[in-house]
Amino acid sequence: ETEAYLAAPTGKDEEDLRHWKQYLESLKKLAIEPHKACRLISTTAATEIPFERIMQDAVRIRAYGLGVKLNGHAATLQIDTGAGGLIVTRSVAKHAGLIPFSQTDMGGIGDKGYQPGYSAYADSIHIGNLEFHDCQVRVLDSKSNLDVDGLIGMDTLSHFLVTLDYPAHKLLL
């Protein structure tokens, strides 16, 4: 269906068509090199995960994040309730040994429109005492609009009822 959509004249702008073409290439690559679905390995039914403070300066908190380990490499990902999945910088991806899978553009990060990046798969992701295997991670090629290790969307924890307890500085699942 995507191929048929792209083959027909639609009047769509070039940026939209580029995103659709990237999506199609990703689908084709998945057909050739399928990956297992991201799955929660740990049997934890409820847990608390402390927030990590992301500082504006020596005294002001700019945001909160969660300590995450991607393939054993530690990173602090800023909590972003509007983001989907995990987005990390190229530096974090390199240290975690994430191998590019398919090119993708990411929007909604900062005010500069779509940013180039790629998707990759992490063998393991630890968030508190939760462990996930074979999960897709999006990698931002440029750190220009992201001055933290990355972002974590709350859909990552969709197995749970999520409470962001800001006064207590912790995430409740």
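The text that follows walks through the structure, step by step, so that each part is easy to find. (Residues numbered from 1 in each chain as written. Predicted model: local features only at pLDDT ≥ 70, side-chain atom pairs only at ≥ 80, totals over all residues. Heavy atoms only, no water.)

Take the pairing of strand β5 (residues 73-79) next. Two strands pair when backbone bridges link them, and strand β4 (residues 61-70) and β5 are joined in this way by 6 bridges, in the antiparallel orientation. From the neighbouring strand, lysine 69 faces β5, where its bridge partner is alanine 74. In this antiparallel pair of consecutive strands, β4 and β5, the connection spans 2 residues, and asparagine 71 shows a positive phi of 50°. Where β5 meets strand β10 (residues 150-152), 3 bridges bridge the pair, whose relative direction is parallel. Of the residues in β10, the one forming a bridge with glutamine 78 is leucine 151. (Pairing = 2+ DSSP bridges. Helix = DSSP H or I, 4+ residues; strand = E, 2+ residues; numbered from the N terminus.)

Right, let's talk about the pairing of β4 for a bit. Direction of pairing for strand β3 (residues 52-55) relative to β4: antiparallel, over a ladder of 4 bridges. In the strand pairing of β4, methionine 55 is matched with isoleucine 61. The turn linking β3 back onto β4 is made up of 5 residues. Bridge count between β4 and strand β8 (residues 115-127): 3 bridges; the pairing is antiparallel. Within β8, the position partnered with leucine 70 by the bridge is isoleucine 125.

It is worth spelling out the sheet that holds strand β2 (residues 48-50) at this point. Strand pairs in the sheet, formed through backbone hydrogen bonds, run parallel or antiparallel to each other. Strand order across the open sheet formed by 3 strands is β2-β12-β11, with antiparallel pairing between neighbours. Sheet topology places β2 and β11 (163-165) at the edges, where each strand pairs with a single neighbour. For this sheet, the mean angle separating the axes of adjacent strands, direction not counted, is 20°. (Axes fitted to C-alpha atoms, helices over the stretch in contact; angles between N-to-C directions.)

Further remarks concern unusual backbone geometry. The phi dihedral of asparagine 71 is positive, around 50°, even though this residue is not glycine. If you trace the backbone, asparagine 71 turns up in the loop between β4 and β5. Overall, the relative accessible area of 26% leaves asparagine 71 in the partly exposed class. Phi at histidine 169 takes a positive value of approximately 60°, unusual for a residue other than glycine. If you trace the backbone, histidine 169 turns up in the loop between β11 and β12 (170-172). Overall, histidine 169 belongs to the partly exposed group, its relative accessible area being 28%. (Buried < 20%, exposed > 50% of the residue type's maximum accessible area, 1.4 Å probe, protein only.)

According to the stated counting rule, one finds 3 salt bridges in the structure shown. Across the pair glutamate 48 and lysine 170 runs a salt bridge whose closest N-O atoms are separated by 3.1 Å. With glutamate 48 in strand β2 and lysine 170 in strand β12, this residue pair connects regions lying 122 residues apart in the sequence. For glutamate 48, a relative accessible area of 49% puts it in the partly exposed group. Residue arginine 60 is joined to aspartate 57 by a salt bridge in which the shortest nitrogen-to-oxygen separation is 2.7 Å. Taking the relative accessible area as the measure of exposure, aspartate 57 reaches 30% and is therefore partly exposed. (Salt bridge = Lys/Arg side-chain N within 4 Å of Asp/Glu carboxyl O.)

Everything listed here is a matter of geometry and, on its own, says nothing about what the molecule does.
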